[in-house]
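The residues making up each chain are set out below.
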Amino acid sequence: MNGPAILVENVTVHYGEVLALDSASLTLDAARICGLIGMNGSGKSTLFKVIMGMIKPDAGRVLIGGASPSKARKEGGIGYVPQSEDVDWQFPLSVRDVVMMGRYGHQGFTRRPSKADRAAVEEALDRVELGEYAGRQIGQLSGGQKKRAFVARGIAQGATMMLLDEPFAGVDKRSEATITRLLRELASDGCTILISTHDLHALPQLCDEAVLLMRRVLMHGAPEVVLQPENLAMAFGLDVLNRDLPEEKAAKHQRTGHARAESRG
Ligand SMILES: Nc1ncnc2c1ncn2[C@@H]1O[C@H](COP(=O)(O)OP(=O)(O)OP(=O)(O)O)[C@@H](O)[C@H]1O
């Protein structure tokens, strides 16, 4: 691998009139776990899509281990755990089928799974503790189990980088603990991990570093520094770390913060 695991340099992305990323820059070294924080609409999913090569930036460049994102993705280097709302849960695929998708890059164009593919899938299912659910239609899992199925897909793929979009949203405690443990294991095996999350309390335990995003990277550093109230206020316009803040109140504050940011932009 040449250069950092992820290099995002002055990347700008528009959706029509909407400016989603505005000269955003981020460098992430291999085997690090980085938490991506920003309010709704700050560009987190767009940043993921740019890193995966699903969206071409209007300006700037992205390199994954020194190569283009599309090359990295074709080589199976990037695992992706999407936001729940981005998945069609009615699709007639079993949990095992979803995990097997991680092996497509290892198969010929006939897509016939080899013994090694099947073994990799079973091992990944065991690692995420979903062996007993392997035959179930993917939509029949709980929120946390669904996330674990996608983590297993990345593991089966042999991904050297994992991008997780809100992996803890709507997730039970067991799944959260399993996912956290797995991400730590994957990072210690050399996998680079970028996680978008609204769960600020969990972030310091999970992440080596954190990024505050608001169309551009406002701040990047150690979680305990980035999560200082004054920095969060800059990104969210509220004291989101106040542990006594009821969730509904927090959501309301967040909406207010959103409106304020929109009026700034
Ligand atoms: N396909 C699209 N077409 C038009 N606008 C879009 C599209 N996708 C995202 N946007 C807009 O781009 C901006 C950034 O969106 P993005 O989904 O990247 O933010 P986000 O930080 O992931 O938000 P959330 O936390 O709500 O998932 C938002 O203003 C959003 O409305």
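The sections below set out a description of the structure shown in this document. Just so we're clear, the structure is a prediction, and the values are computed from it rather than from any experiment.

**A closer look at the sheet that holds strand S2 (residues 18-28)**
Strand order in this open sheet of 3 strands is S2-S1-S4, and the pairing throughout is antiparallel. One side of each edge strand has no neighbouring strand; the edge strands of this open sheet are S2 and strand S4 (59-64). Neighbour-to-neighbour, the strand axes of the sheet open up by a mean angle of 25°, direction not taken into account. Bridge count between strand S1 (residues 6-15) and S2: 7 bridges; the pairing is antiparallel. Note on S2: the bridge partner recorded for His14 is Leu19. In the packing of helix H1 (residues 44-51) onto the sheet, contacts are made with S1, S2 and S4, and the angle to S1 comes to roughly 120°.

**What about helix H9 (residues 229-236)?**
Looking at H9, one finds that the buried residues are Leu232, Ala235 and Phe236. Considered in projection along H9, the buried side chains sweep an arc of 80° and stay on one side of the axis. Phi turns positive one or two residues past the end of H9, at Gly237, with a value near 75°.

**Overview of the environment of Ala187**
You can see Ala187 is positioned in helix H6 (residues 173-188). Remark: the alpha-carbon pair of Ala187 and Met214, spanning 27 residues in sequence, is separated by 26 Å. Setting aside residues up to four positions removed in sequence, Ala187 forms contacts with Ala31, Arg32, Ile33 and Ile193.

**Brief notes about the packing of helix H5 (residues 143-157) against H6**
Two elements in contact, H5 and H6, have axes separated by 9 Å at closest approach and are oriented at 20°. As far as their axial angle goes, H6 and H5 are roughly parallel. For the pair H5 and H6, the sense of crossing is left-handed. In contact with Gly144, Gln145, Lys147, Arg148 and Val151 of H5, H6 contributes Arg174, Ser175, Glu176, Thr178, Ile179 and Leu182. A breakdown of the residues in the contact of H5 with H6 according to their chemical character gives 3 nonpolar, 4 polar and 4 charged.

**Quick word on the site of the ligand**
Tyr15, Val18, Ala20, Gly38, Asn40, Gly41, Ser42, Gly43, Lys44, Ser45 and Thr46 make up every residue found near the ligand. Where the shell around the ligand is concerned, the elements lending two or more residues are S2 and H1. With 3 residues, the single largest contributor to the shell around the ligand is H1. Residue composition of the shell around the ligand, grouped by class: 3 nonpolar, 7 polar and 1 charged.

**Re the sheet that holds strand S8 (residues 209-214)**
Strand order in this open sheet of 6 strands is S5-S6-S7-S3-S8-S9, and the pairing throughout is mixed. Each having just a single partner strand, strand S5 (78-81) and strand S9 (216-221) make up the two edges of the open sheet. In this sheet, adjacent strand axes meet at a mean angle of 15° when their direction is disregarded. Sitting on the sheet, H6 is in contact with strand S3 (33-37), strand S6 (161-165) and strand S7 (192-196), with an inclination near 145° to S7.

Conventions we followed
Residues numbered from 1 in each chain as written. Predicted model: local features only at pLDDT ≥ 70, side-chain atom pairs only at ≥ 80, totals over all residues. Pairing = 2+ DSSP bridges. Helix = DSSP H or I, 4+ residues; strand = E, 2+ residues; numbered from the N terminus. Axes fitted to C-alpha atoms, helices over the stretch in contact; angles between N-to-C directions. Contact = placed C-beta atoms within 7 Å. Buried ≥ 20, exposed ≤ 12 C-beta atoms within 10 Å, placed from the backbone. Arc of directions from axis to C-beta. Parallel < 35°, antiparallel > 145°, perpendicular 65-115°, else oblique. Left-handed = near helix turned anticlockwise from the far one by under 90°. Nonpolar A, V, L, I, M, F, W, Y, C, P; charged D, E, K, R; others polar. Near = placed C-beta within 6 Å.

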